[in-house]
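# A structural walkthrough
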Amino acid sequence: MAVGKEIRVKIASIKNTQKITRAMEKVATSKMRKTQTRMLATRPYSKKIAQIIRHLAHAKPEYTHPFMVDRTVSRVGVIILSSDRGLCGGLNSNLFRLSLRQFRNWGKESVEVNISVIGQKGCSFFNGIGAKIIAQATKLGDSPHLQDIIGVIRAMLDDYREGKIDALYVGYNEFVNTMTQKPKLEQLLPVKSDELTPELAGHWDYLYEPDARDVLDDLLVRYVESIVFQGLVENNACEQAARMVAMKSASDNAGKLISELQLIYNKARQAAITQEISEIVGGAAAV
Amino acid sequence: MTMTIHVDIVSAEERIYSGLAELVIAPAEEGDVGIAARHAPLLTRLRAGEVRVKTDDDQTLPFFVSGGILEVQPHMVSILADRAVRAKDIDEAAATEAKRRAEEALSNRSEKLDYTKAQVELIEAVAQLRTLERWRKNR
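In this report, we go over the structure that sits alongside the text. Treat the numbers as computed from the prediction; the structure is a model and nothing was measured.

### What about unusual backbone geometry?
Residues and elements named next belong to chain A. Cis rather than trans, the peptide bond between Leu-189 and Pro-190 has omega equal to -10°. Relative to the helices and strands, Pro-190 resides in the loop between strand S5 (181-189) and strand S6 (207-209). Note that the residue after Glu-209, namely Pro-210, is joined by a cis bond; omega there is -5°. Residue position: Pro-210 is located in the loop between S6 and helix H5 (212-286). We note that Ser-110 has phi near 45°; this positive angle belongs to a residue other than glycine.

Structure, rendered in structure tokens:
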């Protein structure tokens, strides 16, 4: 009986796809746990260094580091962190959309943008729209190391020191929870003090050992590195979480599609059988 | 009632210690510093060595740090270590081995070697062993 052969083939192919999405979901789930522990482990350090930088912004140092001075901005540098692989829902595209909107706003004030990209997806996207890419790093894997991105950061910091860019931003996805990831564009340089802590108000300065210049330089470079690295680790956790959710809904949709097709197939089969029987009965009656 | 100061020790990988202390002794680049409550704000680099935290119940907790940054505010001390270990968690065998390797590399100048890197490794390993030794003695 050749009823609904097309439907059967379709069902089989959807079943195969579902197997793949299920497997990807499982892989993403286990990777998600790993990347999340990693993210939580490195969070205290970056939180602490951000706090010290906030304190520092309140101080009235005798030596002002170039990273702490506001300049008129004619060109900004942006480090975009993206994933290497796709199939993770709207994770990358949300971040790119947010960045492009910001770029357009800067464009209106005739501020130009230099980009550094980490991750394959970001590279191909920003190459595609013809953005000015200074540095890039791809294929960092699931457990990236600070050494992998130091080159990218250094390229940006050098540009900043030489005055080729007047502000530095980093764009990444912040991990809120498994279901929610928030794209974010954060200003790194010049260091800004947004909220004033009352206990730190007034005129004071640190004692520096051995001297302000060395210590501040060390601290500020470390600060940028640690924030970008934290962003990278968070983005990784986001990627796995987003992929898990995307693959789960893909598997569910495949299941729904299969049961619908199965229903249609069964109906067609039954109709064919009924028709055949009535044909036989009709034939017998005629004899 | 003695005055206490809040201490946070974090390394790049984890939060090592967070709590109150009467006194914190840290290996600053220009010599060890002892910090009690209401210390003036201070910002300095750390060398490899031992951080000792004297808690308010009169215990001394030793930690090894491989270097980093120390920030002091009148009410708090933050230690950002590149790598930090509680003294009791120091891997003696690994430290001894690292020391031996570094010494070998330094004495064996003929081969192509990164002189500064070996030196840094040696200093770190020695500091670790010293921390461990002190901890054992004071236990």
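### Here we look at the pairing of strand S3 (residues 132-137) of chain A
Inspection of the sheet shows strand S2 (residues 112-118) of chain A paired to S3 of chain A by five bridges, in the parallel sense. Counted as the bridge partner of Ser-116 of chain A is Ala-135 of chain A from S3 of chain A.

### Re the interface of chain A and chain B
In this assembly, 25 residues from chain A lie in contact with 28 residues from chain B. Sorting the residues of chain A by area buried against chain B places Tyr-45, Lys-48 and Glu-209 of chain A first, and these three jointly supply 29% of that buried surface. Taken together, the links from chain A to chain B amount to nine residue pairs in polar contact (both at pLDDT 80 or more). Listed by contribution, the elements that provide at least two residues to the side of chain A that touches chain B are helix H1 (5-58), S6 and H5 of chain A. With ten residues, the single largest contributor to the side of chain A that touches chain B is H1 of chain A. Its residues placed into classes, the side of chain A that touches chain B shows 15 nonpolar, three polar and seven charged. Relative to strand S5 (residues 42-46) of chain B, S6 of chain A runs parallel, the two being bridged by three bridges.

### A short note on the packing of aromatic side chains
This structure, assessed with the given rule, holds nine aromatic pairs over all chains. Note that Arg-71 of chain A overlies the ring of Tyr-160 of chain A, its terminal NZ or CZ placed 4.4 Å from the centroid.

### Structural notes on a positive patch on the surface
Residues and elements named next belong to chain A. A cluster of basic residues, Arg-97, Arg-101, Arg-104 and Lys-108, forms a positive patch on the protein surface. Note that Arg-101 resides in helix H2 (residues 91-108). Arg-101 gets classed as partly exposed once you look at its relative accessible area, which sits at 46%.

### Things to note about a nonpolar patch on the surface
A contiguous nonpolar surface patch, about 250 Å² in accessible area, is contributed by Ile-273, Ile-277 and Val-281 of chain A. Note that Val-281 of chain A resides in helix H5.

Reading the values: rules and limits
- Residues numbered from 1 in each chain as written.
- Chains lettered and ligands numbered in written order.
- Predicted model: local features only at pLDDT ≥ 70, side-chain atom pairs only at ≥ 80, totals over all residues.
- Heavy atoms only, no water.
- Helix = DSSP H or I, 4+ residues; strand = E, 2+ residues; numbered from the N terminus.
- Pairing = 2+ DSSP bridges.
- Contact = heavy atoms within 4.5 Å.
- Buried area = accessible area lost by both parts, 1.4 Å probe.
- Polar contact = N/O pair within 3.5 Å; in protein donor to acceptor, adjacent residues only side chain to side chain.
- Nonpolar A, V, L, I, M, F, W, Y, C, P; charged D, E, K, R; others polar.
- Phe/Tyr/Trp six-rings, centres within 6.5 Å; stacked < 30°, edge-to-face > 60°.
- Lys NZ or Arg CZ within 6 Å of the ring centre and 35° of its normal.
- Patch = residues over 30% accessible without salt bridge, like charges linked within 9 Å, V, L, I, M, F, W, Y side chains within 5 Å.
- Areas by Shrake-Rupley, 256 points an atom, 1.4 Å probe, with all protein chains shown as cover.
- Salt bridge = Lys/Arg side-chain N within 4 Å of Asp/Glu carboxyl O.
- Lys, Arg positive; Asp, Glu negative; His and termini not counted.
- Charge placed at Lys NZ, Arg CZ, Asp CG, Glu CD.
- Buried < 20%, exposed > 50% of the residue type's maximum accessible area, 1.4 Å probe, protein only.

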